Each structure stands twice: as structure tokens, then as C-alpha cells.
Amino acid sequence: MDPVKAAIVYLVKNCTSDLIESLKALHRYFNAQYDYPILIFHEELTDDDKKHIDSLKSGSITYIQLTPFDQLPNLPHLDPQLIQKWCEGKEGGRKARLGYKQMCRFYAYELLVHPALDSFDYYWRFDDDSFLYAPIDYDPFAYMQQNQLIYGYRSVEFENPREIVGMQELWSATKTFAKAHKLSRRYLKKLCTNWKGRYKGFNYYNNFEINNITFWRSHPLYKVFFDYLDQDQMGFYKYRWGDSNFRAMITGLFLRPEQVHHFKEIAYRHNDHYSIPGGDRIVYSLEGNPFETTSF
Ligand SMILES: Nc1nc2c(ncn2[C@@H]2O[C@H](COP(=O)(O)OP(=O)(O)OP(=O)(O)O)[C@@H](O)[C@H]2O)c(=O)[nH]1
Ligand SMILES: [Mg+2]
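My aim in this report is to walk through the structure given alongside it, one point at a time. (Residues numbered from 1 in each chain as written. Chains lettered and ligands numbered in written order. Predicted model: local features only at pLDDT ≥ 70, side-chain atom pairs only at ≥ 80, totals over all residues. Heavy atoms only, no water.)

### A closer look at the coordination of the magnesium ion (ligand 2)
Within the first shell, the magnesium ion (ligand 2) binds the protein through Asp129 (OD), Asp129 (OD) and His270 (NE2), at distances of 2.3 to 2.7 Å. What the six donor atoms of the magnesium ion (ligand 2) show is an angle range of 48 to 175 degrees at the metal, which sorts the shape as irregular. Here His270 lies in strand S11 (residues 268–270) and Asp129 lies in the loop between strand S4 (122–126) and strand S5 (130–132), a separation of 141 residues in the sequence. (Donors = N, O, S within 2.8 Å, 3.2 Å for Na, K, Ca; no water. Tetrahedral: all angles 85-135°; square planar, octahedral: opposite > 155°, others 65-115°. Helix = DSSP H or I, 4+ residues; strand = E, 2+ residues; numbered from the N terminus.)

As C-alpha cells, then:
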């Protein structure tokens, strides 16, 4: 089998102590053995930050500087004043930082088509607050390749779509798109609706995800669907549609269940959410007691 063309990807604004700890854990529990290249997309890493990060010796590291996410790109369909109102929670928008909304938009589409990923078939995403905490004794990229997988996740979450501005709009827009393009809605409904057929706010907890770049880049409808949500619906800017919400929709629309894999034996933590080997995600309270678990 050919070596896997794959990279580990981080996105940060600047250098945080979390980023350093995450890279150390990645090195200790996985990459010292596999040596996959690491790409760090950032806004403000300094030369000193880069020197420090390079000294951690976790694979070859490439730094890609991005235009700050709190600035709006100069595109004709974007109305800066309206978007500012949406970010303030006015005019029917969902209140959130513009940088956060553009971060979600970046992960939904921009990352996948970024030239820095041109030579890779897969990426594995870590956030700066994502940490491995036990050794991984196999190569998840090789597993993806051998099994012709498109998407790998570590855990999932359910948001209450009736409490969150804009979630029902995403669901309606996705169903309209499926109808217009004559796509089967069977898997979409299985993932996203409850026994009453109502949208249940299913999301991949995609601060950990392994994604097949080549598949999505060549998919005839991926960009069409993204543009429809982004430009016709304006939902990333208006409703802060998350890349995690988006992933649930594209999985349901464009994949088959056997193309999606749950990496349930990987020990992984995202802030205070622990994904313990075996499957469950446990959220610890400040006192250290588990107060919520999600099985999938
Ligand atoms: N460059 C850049 N990166 C950002 C920005 N906002 C968030 N990020 C990065 O994007 C990733 C996800 O952001 P988080 O704020 O952790 O988002 P989240 O995971 O939805 O939120 P939490 O569950 O609270 O961690 C992290 O690696 C952040 O460092 C931003 O404005 N600019
Ligand atoms: Mg996070």
C-alpha cells in the first residue's frame, strides 16, 4: 500500500499554551512514530513562536498566515453593515463574533480548497484545545485509506434546534437542496431526525475529524451546496451555522453510512470533554464529576 498523503491541521489566531500542550501530546502519543506533516493556519504567530513550536519536534511544521477572521473579505454579495447587525444578534441574526463565524466558514469550505492541502489526500483536524491523552497504536490515516473512508469522527453532540437561532433554517435549506437535486434523503433523515421525524440537532463534534480531501474536492455538488448555503441563504454570516452543523448535512446528503467511521478507541479530550476509549464522551464539571455523557 502506498504511503498515505496526509497532514495534521491546526487553526489558531495566535500562540496559546493550549496549542503547545496539544502539539506535545500529539507528538508523544502519535506523531513521534508516524511523523505526519503538520500545517498550522494562523493569524499572528511570531518568529519566536515558530521557533518554540519547531523545537517541540513534532513532524515537519508549515505555517500558513491567513487574513484575520475579524475582517470581512471584500466580496460584492457581503453587506458589512448588515453582517455587523447579525453579529450583534439584530435583524434576525445569531449573536456571535465575526471571527468565530468566519472560522466556521473556513472549516466548512475554505480549508478544503486551500492550496496548502493540494498535495494531501486526507487531513486530521485538531483545535488548540484538543489533546490526545493515551497512545494510538495504529495509523488512522492508513485505516481511512484501506477502508475507502471519507469521514472519520471521534464523538458527536446534539444541540436543541428549537433553542438555537437558525438551526431550523439550515435543516429546511438542506431539505430544499436535496429535493431540487433529487438526492435521497434516507441517510440525512436517519442522522438528523428523531422518531417523530423532527430535526434533532445532530452534529459531529468535529474539533476532531479526519476528512478525505480528494473526495470532497472532486464531488460535483459539494461546492454547489456550500455556495447555496453561503451566498443564497447567507447562513454562515446570519445564523453562525457551524462547520459541525454543515458536516452533518453533507454526510447525510452525499455519503453512505459505510463511508463514515467512528474512531472510538482513540483517547481524546477537547477542553473538558473527554472521549474515553470505547465510545462515550464525558463532560466533567469544575469539581471533576461527570455530568453529561453522550454515546453514539
Ligand atoms: N485564526 C483564527 N482562529 C480561530 C478564531 N476563532 C477560533 N479559532 C480557532 O478555531 C478553532 C476552533 O475554535 P474554538 O473557539 O475552540 O471553537 P469551538 O471548538 O467551537 O468552541 P469551544 O467548544 O468553546 O472550544 C480553535 O483552534 C481556535 O484557535 C479566529 O478568530 N481566528
Ligand atoms: Mg474548541
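### Topic: the site of ligand 1
Near ligand 1 you find 14 residues, and of these Leu11, Glu43, Arg97, Tyr100 and Asp129 are the closest. Within the contact set of ligand 1, an oxygen atom lies 2.3 Å away from a side-chain nitrogen or oxygen of Tyr100. One of the side-chain nitrogen or oxygen atoms of His270 is found 3.3 Å away from an oxygen atom of ligand 1. Class assignment for the residues of the shell around ligand 1 results in five nonpolar, three polar and six charged. (Near = heavy atom within 4 Å. Polar contact = N/O pair within 3.5 Å; in protein donor to acceptor, adjacent residues only side chain to side chain. Nonpolar A, V, L, I, M, F, W, Y, C, P; charged D, E, K, R; others polar.)

### Concerning the pairing of strand S2 (residues 38–42)
Counting buried residues along S2, five of its five residues qualify, which places the element largely inside the surrounding structure. Residues Ile38, Ile40 and His42 line one face of S2 and the alternating positions Leu39 and Phe41 line the opposite face, and both faces are buried. Note that strand S1 (residues 6–11) and S2 share four bridges and pair parallel. Pairing of Ile8 across the sheet is with Ile38, part of S2. Of the crossover connections in this fold, the one passing from S1 over helix H1 (residues 17–34) to the parallel S2 is right-handed. Judged from the five bridges that link them, S2 and strand S3 (residues 61–65) form a sheet pairing that is parallel. Bridging from a neighbouring strand, Phe41 pairs with Ile64 of S3. (Buried < 20%, exposed > 50% of the residue type's maximum accessible area, 1.4 Å probe, protein only. Pairing = 2+ DSSP bridges. Right-handed = clockwise from strand over helix to strand, strands pointing away.)

### With respect to the state of the cysteines
In this structure the tally under the stated criterion is zero disulfides. No disulfide involves Cys192; its sulfur sits 17 Å from the nearest other cysteine sulfur, which is in Cys104. (Disulfide = S-S within 2.5 Å.)

### Quick word on the pattern of salt bridges
Overall, the coordinates contain twelve salt bridges when judged by the stated rule. One salt bridge connects Glu209 with Arg247, and the closest N-O pair in it is separated by 2.7 Å. Of the two residues, Glu209 is situated in strand S9 (residues 209–212) and Arg247 in helix H11 (residues 243–254); the sequence distance between them amounts to 38 residues. Arg247 shares its class with Glu209; the two are buried. Put simply, Lys13, Glu43 and Glu44 are held in one network by salt bridges that share partners. (Salt bridge = Lys/Arg side-chain N within 4 Å of Asp/Glu carboxyl O.)

### Details of helix H3 (residues 80–87)
Burial in H3 covers these residues: Ile83, Trp86 and Cys87. On an axial view of H3, the arc spanned by its buried residues comes to 100 degrees, and they lie on one face. Turning to H3, the residues buried within the fold contact helix H4 (98–110) and helix H10 (235–238). The opening residue of H3, the one whose side-chain oxygen lies 3.1 Å from the backbone nitrogen of Gln81, is Asp79. (Arc of directions from axis to C-beta. Contact = heavy atoms within 4.5 Å.)

### Observations regarding the nonpolar core
Counting residues in hydrophobic clusters, the biggest one holds 56 residues, and the most contacted among them are Phe41, Tyr204, Phe225, Leu229 and Phe246. Discounting chain neighbours no more than four positions away, the residues touching Leu229 are Leu170, Ala173, Met234, Gly235, Phe236, Trp241 and Phe246. Core analysis: the next-biggest nonpolar cluster, separate from the first, contains 34 residues, Ile8, Leu23, Ile53 and Leu149 among them. (Core = buried A, V, L, I, M, F, W, Y, C linked by side-chain atoms within 4.5 Å.)

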